[in-house]
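Residues per chain, in single letters:
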Amino acid sequence: MPKKIEKKPLKITKNLGFTQDLLNWGKLNGRKSLPWSPVSGKKYDPYKVWVSEIMLQQTQLKTGIKFFKKFIKIFPTVENLAKSKLENVLSVWSGLGYYSRAKNLHYTALLICSSSNKKFPKNAKEWEKLPGVGFSTAASISSFVNNERVPVMDANVLRVFARQLMFDEFIGSTALKRKILPVANKSLPLDSKEMPIYTQSIMDLGSIICRPKNPKCELCPVSNYCSAFKTSNIANYPVRKTKLEKEKKSVNWLVPYTSDSVALVLLKNTRLWNGLWTPMQILSHSQLPESASFVKKFKIPISNFILEISIWSVSCTNKSSYKSAKWFNKKDLLNGAVPSTVKQALCSDKFFL
């Protein structure tokens, strides 16, 4: 916990000095050449902004940009996305993780294109009604696309305000978000036309300057307003909970194989990798075929737990004996709707293919 510092009751007022200094910094130093940014003088494309915001949920910017370019090349419009099969969308998404995001994009594209006018939402409340779009994502999209005066509340922004005002509530908590929301509202520019640059600037500030570790306070354009900086208490904010050890879960993967292919099954009604092709999951060793051979064991972090996977192989001479499986050669495996973990496990070191 941070050291105790006597604080005066917080009086929320418009902080236009903070806002103007941030805008001035953003116009010079903010990210302006992102692949979803419009050409100078043009408006933001709602489709590209929406796709980028969904991709950047749980994804770092560098990775998001790489996948965004690939995704937009294959699905350049919402109509292209709606017309595509879900399996094709999942295949393009493979490697990015959190596949529910891709499913939500595809389902929403179908919803948008099912209407005759194909209109995107006009404000954050409408955006928030779409699958996979929460308060902060809706605010971010609408501030760019609709110039709406609504505050984005992503992790970067929460960190900026938690340090600015030394809020003691834990990062990620509802209590902290509630406390920051009125402050964030008061910090919005008065001119709605400045909302796109403001939103980009405050997110960039948290990402580039006000970083979780080793923040660059000497380069911060709003350090004059930061209580944590002025009291040399920056390392203690935002307040973090002690991390709990992740639960471990174990599973056996059975991989029937031939000289040039492996058999995978389609997962249905599962929380992890639903709608994707993976090896057959065997819970108990006793259920493994006698001819199965142990190959290797590895661990991967999955959200809030650690998955320990043991791979077993079994040679197959009759593919029809696995009626529920689909056979993948190396090209199919790399290009199909297969989790990146499976691709790496079955293609590395000439494991099977």
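In case you missed it, the structure is sitting above this.
To start, this report covers the structure provided alongside it. Note that the structure is a prediction, hence the values are computed from the model and not measured. (Residues numbered from 1 in each chain as written. Predicted model: local features only at pLDDT ≥ 70, side-chain atom pairs only at ≥ 80, totals over all residues. Heavy atoms only, no water.)

Here the focus is the nonpolar core. If you look at the biggest cluster of nonpolar residues, it comprises 89 residues, and the most contacted ones within it are Y47, W50 and F71. Listed in part, the twelve residues of the second largest apolar core include L254, L288, A325 and W327. (Core = buried A, V, L, I, M, F, W, Y, C linked by side-chain atoms within 4.5 Å. Buried < 20%, exposed > 50% of the residue type's maximum accessible area, 1.4 Å probe, protein only.)

So, about the packing of aromatic side chains. This structure, assessed with the given rule, holds 14 aromatic pairs. Look at W253 and F298: their rings are 6.1 Å apart centre to centre, the planes differ by 70°, and that puts the pair in the edge-to-face class. Separated by 45 residues along the polypeptide, W253 in strand β1 (residues 247-257) and F298 in strand β5 (residues 293-302) bring together distant segments of the chain. Judged by its relative accessible area of 0%, W253 falls in the buried class. On the basis of relative accessible area, F298 is assigned to the buried category, the value being 18%. Here Y322 and W327 contribute two aromatic rings whose centre-to-centre distance is 6.5 Å and whose plane-to-plane angle is 70°, an arrangement assigned as edge-to-face. An aromatic cluster is present here, built from Y47, W50, F120 and W127 joined pairwise through their rings. (Phe/Tyr/Trp six-rings, centres within 6.5 Å; stacked < 30°, edge-to-face > 60°. Helix = DSSP H or I, 4+ residues; strand = E, 2+ residues; numbered from the N terminus.)

Taken as a whole and assessed by the stated rule, the structure comprises five salt bridges. Residues E194 and K27 are paired through a salt bridge, measuring 3.6 Å at the closest nitrogen-oxygen approach. Residue E194 is located in the loop between α10 (174-186) and α11 (195-209), and its partner K27 is located in helix α1 (residues 16-29); the two are separated by 167 residues in the primary sequence. Between K179 and E169 there is a salt bridge; the shortest N-O distance is 3.2 Å. Of this pair, K179 sits in helix α10 while E169 sits in the loop between α9 (155-165) and α10, placing them ten residues apart in sequence. (Salt bridge = Lys/Arg side-chain N within 4 Å of Asp/Glu carboxyl O.)

Turning next to unusual backbone geometry. Across the junction of Y237 and P238, the peptide omega takes the value -5°, indicating a cis bond. Here P238 lies in the loop between α12 (227-230) and β1. Of note in this structure, Y98 is not a glycine but carries a positive phi near 45°. Position of Y98 relative to the elements: it lies in the loop between α5 (86-93) and α6 (100-114). One non-glycine residue with positive phi stands out, namely N214, at about 50°. If you trace the backbone, N214 turns up in the loop between α11 and α12. The exposed category is assigned to N214, whose relative accessible area is 63%.

Take it as geometry only, folks, not as evidence of what the structure does.
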